Amino acid sequence: TTATGPPSTAGGPARAGNPIADPGFEAGLAGWLAIGGARVARTGPARAGRWAGGFTATGSGDQGMALPEVLQCTPGRTYAASLWIRASLPGTMVQVTLLEVAGGRRLAADSVGAVLQDQVWRRVEVAHDAHRHGASLAVEVVLPHGSPRAAVMVDDLEVRSRPGPKVFDG
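Residues numbered from 1 in each chain as written. Predicted model: local features only at pLDDT ≥ 70, side-chain atom pairs only at ≥ 80, totals over all residues. Heavy atoms only, no water.

(A) Molecular detail of the overall build of the protein. Of the regular secondary structure elements, the protein holds zero helices and eleven strands. Looking at the 170 residues of the protein, the share that counts as buried comes to 43%. In the protein, the proportion of contacts linking residues at least 24 apart, taken out of those at least 6 apart, comes to 75%. Accessible surface, the protein as shown: approximately 8400 Å² in total, 53% of it carbon and sulfur. (Helix = DSSP H or I, 4+ residues; strand = E, 2+ residues; numbered from the N terminus. Buried < 20%, exposed > 50% of the residue type's maximum accessible area, 1.4 Å probe, protein only. Contact = heavy atoms within 4.5 Å. Areas by Shrake-Rupley, 256 points an atom, 1.4 Å probe, with all protein chains shown as cover.)

(B) Spotlight on the packing of aromatic side chains. In this structure the tally under the stated criterion is one aromatic pair. Summarising the aromatic geometry, the rings of Phe-25 and Trp-32 are spaced 5.4 Å apart at their centres and angled 45° between planes, so their arrangement reads as tilted. Comparing Phe-25 with Trp-32, the two get one shared label, buried. Above the ring of Trp-51, the side-chain terminus of Arg-42 is found at 4.2 Å from the ring centroid. The ring of Trp-84 has Arg-47 lying over it, and the distance from NZ or CZ to the ring centre is 3.6 Å. (Phe/Tyr/Trp six-rings, centres within 6.5 Å; stacked < 30°, edge-to-face > 60°. Lys NZ or Arg CZ within 6 Å of the ring centre and 35° of its normal.)

(C) Region of the structure containing the nonpolar core. The biggest cluster of nonpolar side chains holds 33 residues, and the ones touching the most others in it are Val-94, Val-141, Leu-157 and Val-159. Among the secondary structure elements, those contributing two or more residues to this core are strand 5 (63–72), strand 6 (77–87), strand 7 (92–102), strand 8 (105–116), strand 9 (122–129), strand 10 (136–143) and strand 11 (151–163). When residues in this core are grouped by element, the largest group, five residues, is from strand 6. When neighbours within four sequence positions are excluded, Val-159 is seen to be in contact with Gly-17, Asn-18, Pro-19, Ile-20, Val-70, Ala-80, Ala-81, Leu-137 and Val-139. Ranked by size, the runner-up nonpolar core spans five residues in total, among them Ala-46, Ala-52, Trp-84 and Met-153. (Core = buried A, V, L, I, M, F, W, Y, C linked by side-chain atoms within 4.5 Å.)

(D) Local environment of the environment of Met-65. Topologically, Met-65 is positioned in strand 5. The buried category is assigned to Met-65, whose relative accessible area is 0%. Separated by 77 residues in sequence, Met-65 and Val-142 have C-alpha atoms that sit 6.5 Å apart. The contacts of Met-65, once residues within four sequence positions are left out, are Phe-25, Trp-32, Leu-33, Ile-35, Val-40, Gly-53, Gly-54, Phe-55, Val-139, Glu-140, Val-141 and Val-154.

(E) Spatial organisation of the pattern of salt bridges. In total, this model carries five salt bridges according to the counting rule given. In this structure, the salt-bridge partner of Asp-156 is Arg-47, at a minimum N-O distance of 2.6 Å. On the criterion of sequence distance, the pair formed by Asp-156 in strand 11 and Arg-47 in the loop between strand 3 (39–43) and strand 4 (52–56) is long-range, its members being 109 residues apart. The residues Asp-156 and Arg-47 share a single accessibility class, namely buried. (Salt bridge = Lys/Arg side-chain N within 4 Å of Asp/Glu carboxyl O.)

(F) Focus on the environment of Ile-85. Structurally, Ile-85 can be placed in strand 6. Taking the C-alpha atoms as reference points, Ile-85 and Ala-46, 39 residues apart in sequence, are found 10.0 Å from one another. Once residues within four sequence positions are removed from consideration, Ile-85 is found in contact with Val-94, Leu-116, Val-120, Trp-121, Arg-122, Val-124, Met-153 and Val-154.

Given below as structure tokens:
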């Protein structure tokens with residue numbers, strides 16, 4: 001799901017309850033990793049504040065950036081991420097994923113795709129119900145294979161948690 005909205009007041013420190021220490025990349029790219037050979041860097045102009053994070057695709061496969069250890073998952077909780085993205089080329093498809101990782105293995109994931117038709121900031125949201133105790137929650141922003149090889153900017157990342165759906169034994 002994508003939507004535009006009013007400018008945020010983010011760009012500084014995280015809001016209470018957000019485990020992302022630097023949601024607006026103002027202090028740098030600590031913890032972020034490249035996926036598939038992408039070039040990850042701080043860039044501007046940001047949506048809010050001075051800096052945004054971002055990546056430039058350098059090849060034809062899936063490429064992007066990941067924050068591999070946002071927090072430790074608690075089974076039965078739902079984690080939701082929202083972030084703002086912008087691409088350098090119209091028609092760029094971006095995939096945002098929340099996933100659980102344990103022992104270097106991807107366990108469970110939920111993704112949402114957005115086609116960025118223009119070069120304005122778009123809000124993207126994705127939610128994930130945690131399954132495995134002790135797994136790390138990770139965030140990935142990826143240009144999937146087949147999307148135009150664009151530069152993608154990311155800003156104002158927020159992760160929230162709440163009790164997940166109740167499971168009834170029949």
